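Each chain is listed here by its residues.
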Amino acid sequence: MRGTLVRNEIQRRGSDEAARIKDLLALGKRLSAVSPSGFDPDRPIFTDWQRLLELVARDYSKELAATQAETRPVGSVPSRSKEVPATAL
């Protein structure tokens with residue numbers, strides 16, 4: 001997956017999460033109950049936004065890993081480099 005696609009997806013999910021937090025705050029919920037990152041959409045601070053994106057990115061990476069594990073054949077190991085033919089060993 002390309003980095004730009006991942007970054008855009010994390011940004012989109014972060015914006016959705018911020019909107020969800022704002023909606024819950026409008027309903028009278030407490031910030032500590034609806035925002036584990038501490039992000040307050042009414043008074044956004046860069047470090048809080050960064051923390052929100054970190055949590056979203058962590059969840060998204062777990063989702064991607066689970067998806068890849070489901071599509072990978074049983075017993076296969078992901079390779080980070082080119083595979084070496086068995087005859088070359």
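Everything discussed here concerns the structure shown above.
Computed from a prediction, not measured in an experiment: that's the story for all the values here.

*Asks:* When you look at the pattern of salt bridges in this model, what are you seeing that I'm missing?
*Replies:* Side-chain pairs of opposite charge can arise where the charged atoms are in close proximity. This structure, assessed with the given rule, holds eight salt bridges. Salt-bridge contacts for Arg12 lead to Asp16; the nearest nitrogen and oxygen are separated by 2.7 Å. Note that Arg12 and Asp16 are positioned in helix α1 (residues 3-26) at a spacing of four residues, about one turn of the helix. Residue Arg12 is classed as partly exposed on the basis of its relative accessible area of 41%. Taken together, the shared-partner salt bridges connect Glu9, Arg12, Arg13, Asp16 and Glu63 into one network.

*Asks:* Explanation requested: the environment of Arg58 in the structure shown.
*Replies:* Mapping Arg58 onto the fold places it in helix α3 (residues 46-71). For the pair Arg58 and Ile10, spaced 48 residues apart in the sequence, the C-alpha separation amounts to 9.5 Å.

*Asks:* Explain the packing of aromatic side chains to me, please; I cannot follow it from the model alone.
*Replies:* The description of an aromatic ring pair uses the distance of the two centres, along with the angle that the planes make with each other. Here the structure, examined in full by the defined rule, presents one aromatic pair. Ring geometry for Phe39 and Trp49: centres 5.4 Å apart, planes at 55°, overall tilted. On the criterion of sequence distance, the pair formed by Phe39 in the loop between α2 (31-34) and α3 and Trp49 in helix α3 is long-range, its members being 10 residues apart. Accessibility expressed as a relative area gives 5% for Phe39, which makes it buried.

*Asks:* Explain α1 here, please?
*Replies:* Residue pairs three or four apart in sequence face the same way in an α-helix, which turns once every 3.6 residues. Its 24 residues give α1 an end-to-end C-alpha distance of 35 Å, which sits within 8% of 34 Å, the value for a rise of 1.5 Å per residue. If you check which residues of α1 are buried, you get Glu9, Ile10, Gly14, Ala18, Ile21 and Leu25. Looking at the buried side of α1, the elements it contacts are α2 and α3. Immediately beyond the C-terminal end of α1, within one or two residues, lies Gly28, with a positive phi of roughly 95°.

*Asks:* Just to check I follow, could you spell out the nonpolar core for this structure?
*Replies:* Soluble, globular proteins show a tendency: their nonpolar side chains are buried together. Counting residues in each nonpolar core, the largest one holds 11 residues, listed as Ile10, Ala18, Ile21, Leu25, Val34, Phe39, Trp49, Leu52, Leu53, Val56 and Tyr60. When contributions to this core are tallied by element, the ones reaching two or more residues are α1 and α3. With five residues, α3 is the largest single contributor of residues to this core. Beyond its immediate sequence surroundings of up to four residues, Phe39 is in contact with Ala18, Ile21, Leu31, Pro44, Asp48, Trp49 and Leu52.

Reading the values: rules and limits
- Residue numbers run consecutively from 1 along every chain, following the written order of its sequence.
- It should be noted that, the model being predicted, local features are given only for residues of pLDDT at least 70 and side-chain atom pairs only at 80 or more, the latter also being counted only at that level, while totals for whole chains, interfaces and linings use all residues.
- Side-chain figures throughout are based on the complete set of non-hydrogen atoms in the structure, without hydrogens or water.
- Whenever a carboxyl oxygen of Asp or Glu lies within 4 Å of a side-chain nitrogen of Lys or Arg, that contact is scored as a salt bridge.
- The helix and strand labels rest on DSSP assignments: H or I over at least four residues marks a helix, E over at least two residues marks a strand, and numbering proceeds from the N terminus.
- Only protein chains enter the calculation, and the probe is 1.4 Å; a residue is then buried if its accessible area is under 20% of its type maximum, exposed if over 50%, and partly exposed in between.
- What counts as a ring pair is set by centres within 6.5 Å for rings of Phe, Tyr and Trp (its six-membered ring), and what kind of pair is set by the plane angle: stacked under 30 degrees, edge-to-face over 60, tilted for all other angles.
- To estimate the expected span of a helix, count its residues, drop one, and scale the result by 1.5 Å.
- Should any heavy atoms of two residues lie within 4.5 Å, those residues are counted as being in contact.
- What we call a nonpolar core is a set of buried Ala, Val, Leu, Ile, Met, Phe, Trp, Tyr and Cys residues that are connected through their side-chain atoms within 4.5 Å.

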